[in-house]
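Spelled out from the first residue to the last, the chains are:
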Amino acid sequence: MAISDDPRAGPGQLPRPAGCWSRARSAPRAEAAVPDRPPSDTPLALELLVHGVAGAAPGELLGDPRTVRVTGDSTAAVFRRTEDADAEDHPERYAGRPVPEAYCWSRLTSGNGARALWLLLLPFMVANLAHWARPATRAADPAPRAVRTYGVLVRVLALSLTVLLIAAACEVALDLLAWQCAGSATCAGSRSRLGFLGPEGGWWAQPGRRLALGALVPAALTGLLWYLSNRTWSAYESQPPPAGAADPDTASDTAPALGRPGFWYGRRLVARLRAAHTAAGLLTVAVAVSLPTVRHDRRGGAPVLAALGSVTQALLAVGAVTVAWVVCRRGRTEDRPDHRLDRAAVTVLPGAALALFAAVLLHACWPRPGWTATGRLPGDLAFGALMLGQGVCVLALAVVARYLYRRAPDAAAALHGLGGPAVAMLGCALGGVMSGGVAQRVADWLDGGATPGMPGAPLPGPPVLLSWQAAVLPPLLLVLALLAAWFAVGGARARGRLAAVVAAEYPGETPDLARSRRIAGARTAAALTDSAPWFVAAVSGITLVLGAGALAGAWIGGEVPGEAARGTVLESAARAAQDAGSWLIGLGIAAFVAWGRRAYRDPAARRTIGILWDVGTFWPRAAHPFAPPCYAERAVPDLTWRMAGWTARTGGRLVISGHSQGSVLAAAAVWQLPPPARRRVALLTYGSPLGRLYGRWFPAYFGPGQLAALHHEVDCWRNLWRATDPIGGPALPDAGQDVDRGPLADPIAYGRSARHPLPAPILGHCDYQADPAFAAERDALLARLDPGAARADGPHPAAAGEVPGQRIVVSKERAGPAAPEDPPGTAG
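As the structure is a prediction and not an experimental result, all values here were calculated from the model. (Residues numbered from 1 in each chain as written. Predicted model: local features only at pLDDT ≥ 70, side-chain atom pairs only at ≥ 80, totals over all residues. Heavy atoms only, no water.)

(A) Spotlight on the overall build of the protein. Within the protein one finds 24 helices and eight strands. Looking at the protein as a whole, 57% of its 828 residues are labelled buried. Long-range contacts, defined here as pairs at least 24 residues apart, represent 80% of the contacts in the protein between residues at least 6 apart. Accessible surface for the protein amounts to roughly 32200 Å². Of this, 63% is attributable to carbon and sulfur atoms. (Helix = DSSP H or I, 4+ residues; strand = E, 2+ residues; numbered from the N terminus. Buried < 20%, exposed > 50% of the residue type's maximum accessible area, 1.4 Å probe, protein only. Contact = heavy atoms within 4.5 Å. Areas by Shrake-Rupley, 256 points an atom, 1.4 Å probe, with all protein chains shown as cover.)

This is the structure:
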């Protein structure tokens with residue numbers, strides 16, 4: 001997803017940074033064959049550019065419209081300028097400069113508008129993020145049981161979200177349509193498409209048969225989720241690492257998790273979870289059909305049917321226990337690529353669930369004369385149990401996370417180690433709002449102008465708990481608005497204080513209040529990123545409290561909010577909140593889908609939702625197999641293969657240059673390199689969220705210890721950042737200036753001058769490559785890698801555009817705290 005805008009590079013300028021333009025498609029070109037050559041006396045230098053998620057056409061990245069694909073396919077590929085296609089044959093042409101290459105992978109995260117439907121899987125993605133947001137542990141004190149407990153709790157929470165989604169589909173298709181509306185002559189008669197299900201509809205008039213027909217809808221949804229998960233795995237995540245990369249037999253037990261051979265290849269776990277979640281969905285639908293059917297048989301004096309129903313329910317209970325066992329039994333195995341599959345779990349479990357589902361439908365279709373549909377299906381208890389279980393699971397997750405954090409405190413970790421539980425709470429809230437919102441909107445449509453659950457409504461409506469969930473939404477939005485206003489006021493005050501000192505950073509310039517306020521405003525807006533953890537904490541805490549209140553109100557009173565408050569001073573407010581919440585949920589879901597479709601067509605809209613989506617789909621599907629696909633499981637092996645293969649064939653030097661999200665992919669790929677290749681590679685990052693975002697929210701994988709280990713393992717690493725950048729920041733502050741160079745001056749010039757006759761723009765997150773510091777750092781890294789170059793460890797002259805007093809150091813000293821890591825195979 002793109003983050004910010006910039007004009008295209010002009011003639012003679014360096015290539016623009018990734019993530020600053022809309023994605024453009026270039027004409028297909030023939031692939032260029034790169035010959036295998038032994039290392040020459042003058043080994044080549046290669047600069048491998050990695051863009052952000054928004055991407056750019058190869059010509060934009062390379063600064064030349066004439067490009068050729070070196071390797072790759074239509075989804076992700078490496079490009080060169082046409083004139084550089086045979087660079088390996090003529091290394092003498094590139095004395096003193098690198099060969100530029102661009103890895104273009106924007107089609108992994110963009111495409112047609114149909115991909116916007118992935119936004120409907122947002123609760124699954126957020127739950128998957130909670131797995132990766134756990135606190136770090138120390139190698140000397142790994143606490144494997146606590147780590148595994150954390151992983152089990154997240155996987156159970158993810159499973160509950162799948163059950164919640166399918167239960168909501170059952171509520172709509174079975175309860176509201178097949179049971180309530182089709183059982184009412186008024187409702188079914190007023191909708192011609194449902195007339196054949198009405199009391200006078202013939203064969204389908206019996207409630208059991210209507211339930212069996214309605215059950216096909218949630219079952220089809222389960223099948224669709226299975227299909228999408230299986231298809232996207234084959235398209236995105238089935239890339240094995242190169243042979244010899246991060247060899248498990250020679251790797252240290254204390255190696256960072258991202259350097260483990262199996263980290264980016266989770267085939268076994270994803271297949272197990274996919275089978276378990278598919279079976280859970282089918283079993284949920286079967287239970288929804290079986291409960292009213294068996295209850296009628298027991299009351300109606302049909303002992304044979306009741307006995308058969310009891311047998312199927314016992315088998316459903318066994319299936320549920322089996323699913324829970326499969327989900328809890330095993331987590332990720334990262335110490336080596338795991339190509340095996342658990343055949344029994346992958347094939348037998350969903351197959352048995354499908355057979356049991358078919359048996360339940362056959363049992364429901366058996367003739368039962370005199371059976372009529374009245375009231376609601378038994379869904380109140382199910383939704384309440386799910387909500388209560390999720391709350392208990394989040395609280396248990398918080399206890400485990402706090403325990404892990406206390407064993408290995410990390411001041412940089414978000415919310416003192418509680419970032420994972422806070423994210424998990426948001427995933428549950430999103431799942432409840434989206435699933436309950438659909439049921440509320442369908443009930444409103446079926447009731448006409450009435451309010452579901454209120455006197456005079458033609459239908460009983462959805463479970464009472466869903467009405468309470470809708471009623472707490474307006475108070476939640478009000479609190480969020482107050483929080484946003486509080487942050488806005490604080491930002492305005494900070495901008496005023498900063499504007500008074502901005503001009504002093506540009507010696508010799510005449511102060512201009514309007515210019516100072518614009519610069520201060522950009523810096524203040526960028527600094528709001530650092531307040532995000534506390535905003536998330538506030539939202540999660542308020543959601544937990546309001547959710548508990550909704551659950552208590554639904555179970556204590558057994559009535560919708562408007563009825564429960566009848567005769568009190570809160571009656572009008574309760575009715576207004578219930579009605580407004582229902583409409584807000586419906587409008588929110590519609591706007592969500594529309595926004596998502598626009599985001600895949602309009603780069604400006606993609607920048608708005610890009611950050612969360614980029615982070616969420618970067619991580620493998622370790623907790624929820626139906627989450628959107630992980631693009632990094634294709635991109636990281638691609639980069640690793642390219643760097644390892646090129647350095648081995650040519651013996652040359654390589655600088656991998658990553659902007660924004662591309663810097664995260666670059667760092668992950670460097671971690672995966674075998675040691676001989678890693679010694680030939682330097683890392684250059686700019687506008688990077690490695691420390692500012694990933695280090696805070698995912699301390700077990702990008703914490704200070706892990707980034708310090710990366711600094712020690714690569715030959716050299718430099719990171720550029722600006723104070724006006726809302727995404728990028730220092731990557732490793734504890735290393736002093738050995739890694740980070742910044743903040744770079746932004747804008748380059750305060751006012752007009754002979755050198756800058758036109759106003760200099762505030763660049764923020766973009767255009768790092770046009771800054772003189774970029775070329776200086778890249779050349780210094782190449783000189784560092786050159787075995788014939790002198791490796792001076794002293795300071796380098798300051799480049800133009802640098803904040804006064806900043807020095808450039810490319811030496812690599814071992815600095816920083818001891819790395820807290822997890823031993824292989826204990827990733828939860």
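(B) Seen up close, the sheet that holds strand 8 (residues 740-744). Spatially, eight strands are ordered 2-3-4-1-5-6-7-8 in an open sheet, and the strand pairing comes out mixed. Lying at the two open borders of the sheet, with one neighbouring strand each, are strand 2 (67-72) and strand 8. Averaged over all neighbouring strand pairs, the angle between strand axes comes to 20°, with direction disregarded. Note that strand 1 (residues 45-50) and strand 4 (residues 99-104) share five bridges and pair parallel. Counterpart to L49 in the pairing with strand 4 is A102. (Pairing = 2+ DSSP bridges. Axes fitted to C-alpha atoms, helices over the stretch in contact; angles between N-to-C directions.)

(C) How the structure looks around the packing of helix 19 (residues 661-672) against helix 23 (residues 704-713). Two numbers describe how helix 19 lies on helix 23: the axes approach to 11 Å, and their chain directions differ by 60°. The handedness of the crossing between helix 19 and helix 23 is left-handed. Residues A667, V670 and W671 of helix 19 form the contact with helix 23, whose participating residues are Q706, L707, L710 and E713. Of the residues contributing to the contact of helix 19 with helix 23, the split by class is five nonpolar, one polar and one charged. (Left-handed = near helix turned anticlockwise from the far one by under 90°. Nonpolar A, V, L, I, M, F, W, Y, C, P; charged D, E, K, R; others polar.)

(D) Structural context of the packing of helix 18 (residues 632-650) against helix 19. Relative orientation of the contacting elements helix 18 and helix 19 amounts to 55°, with a least axis distance of 8 Å. In terms of orientation, helix 18 and helix 19 fall into the oblique class. The hand of the helix 18/helix 19 crossing is right-handed. Packed against helix 18, whose contacting residues are A632, A635, V636, L639, T640 and M643, the element helix 19 presents L665, A666, A668, A669, V670 and Q672 at the interface. (Parallel < 35°, antiparallel > 145°, perpendicular 65-115°, else oblique.)

(E) Main features of the packing of aromatic side chains. What the rule picks out here adds up to 24 aromatic pairs. Ring plane angle 40° and centroid distance 5.5 Å describe the contact between Y506 and Y750, whose orientation is recorded as tilted. Here Y750 lies in the loop between strand 8 and helix 24 (772-785) and Y506 lies in the loop between helix 12 (473-502) and helix 13 (513-527), a separation of 244 residues in the sequence. Judged on exposure class, the residue Y506 and its partner Y750 are both buried. Each residue in the set W105, W132, F263, W264, F618, W619, Y631, W671, Y694, F698, Y701 and F702 is aromatic and connected to the rest through ring pairs, giving one cluster. The cationic tip of R722 hangs over the ring face of Y768; the distance from NZ or CZ to the ring centre is 4.0 Å. (Phe/Tyr/Trp six-rings, centres within 6.5 Å; stacked < 30°, edge-to-face > 60°. Lys NZ or Arg CZ within 6 Å of the ring centre and 35° of its normal.)

(F) Inspection of helix 24 at higher detail. For helix 24, built from 14 residues, the straight-helix expectation of 20 Å at 1.5 Å per residue is met to within 8% by its first-to-last C-alpha distance of 21 Å. Counting buried residues along helix 24, ten of its 14 residues qualify, which places the element largely inside the surrounding structure. Burial in helix 24 covers these residues: A773, F774, A775, E777, R778, A780, L781, L782, R784 and L785. Taken together, the buried residues of helix 24 touch strand 1, strand 5 (653-659), strand 6 (681-686), strand 7 (716-722) and strand 8. The N-cap residue of helix 24 is D771: its side-chain oxygen and the backbone nitrogen of A773 are 2.9 Å apart. (Expected span 1.5 Å × (residues − 1). Polar contact = N/O pair within 3.5 Å; in protein donor to acceptor, adjacent residues only side chain to side chain.)

(G) Inspection of a nonpolar patch on the surface at higher detail. Judged by side-chain polarity, L381, L388, V392 and W555 come together as a nonpolar surface patch covering roughly 420 Å² of accessible area. Tallying contributions element by element places helix 9 (residues 380-407) first for the nonpolar patch, with three residues. (Patch = residues over 30% accessible without salt bridge, like charges linked within 9 Å, V, L, I, M, F, W, Y side chains within 5 Å. Salt bridge = Lys/Arg side-chain N within 4 Å of Asp/Glu carboxyl O.)

(H) Focus on the pattern of salt bridges. Counted under the stated rule, the structure contains 20 salt bridges. The shortest N-O distance in the salt bridge between D715 and R784 comes to 3.1 Å. One end of the pair, D715, is in the loop between helix 23 and strand 7; the other, R784, is in helix 24, and 69 residues separate them in sequence. Considered together, D715 and R784 belong to a single accessibility category, that of buried residues. Connected through salt bridges with shared partners, the residues D64, R66, R81, E83 and D84 form a single ionic network.

(I) Geometry of the environment of M643. With respect to the helices and strands, the residue M643 is situated in helix 18. Sequence-distant contacts of M643, that is, excluding residues within four places in its chain, are made with L48, L654, I656, A669, V670, L673 and V681.

(J) Structural context of the confidence of the model for the protein. The share of residues in the protein with pLDDT of 70 or more is 81%, and the mean pLDDT across the chain is 81. Model confidence for the protein, summarised as mean pLDDT per element, is weakest for helix 17 (residues 603-618) at 65 and strongest for strand 3 (residues 77-81) at 95. In the model, residues 1-40 has pLDDT below 50 throughout and makes 127 contacts with residues more than four positions away in sequence or in other chains. (pLDDT = per-residue confidence, 0-100.)

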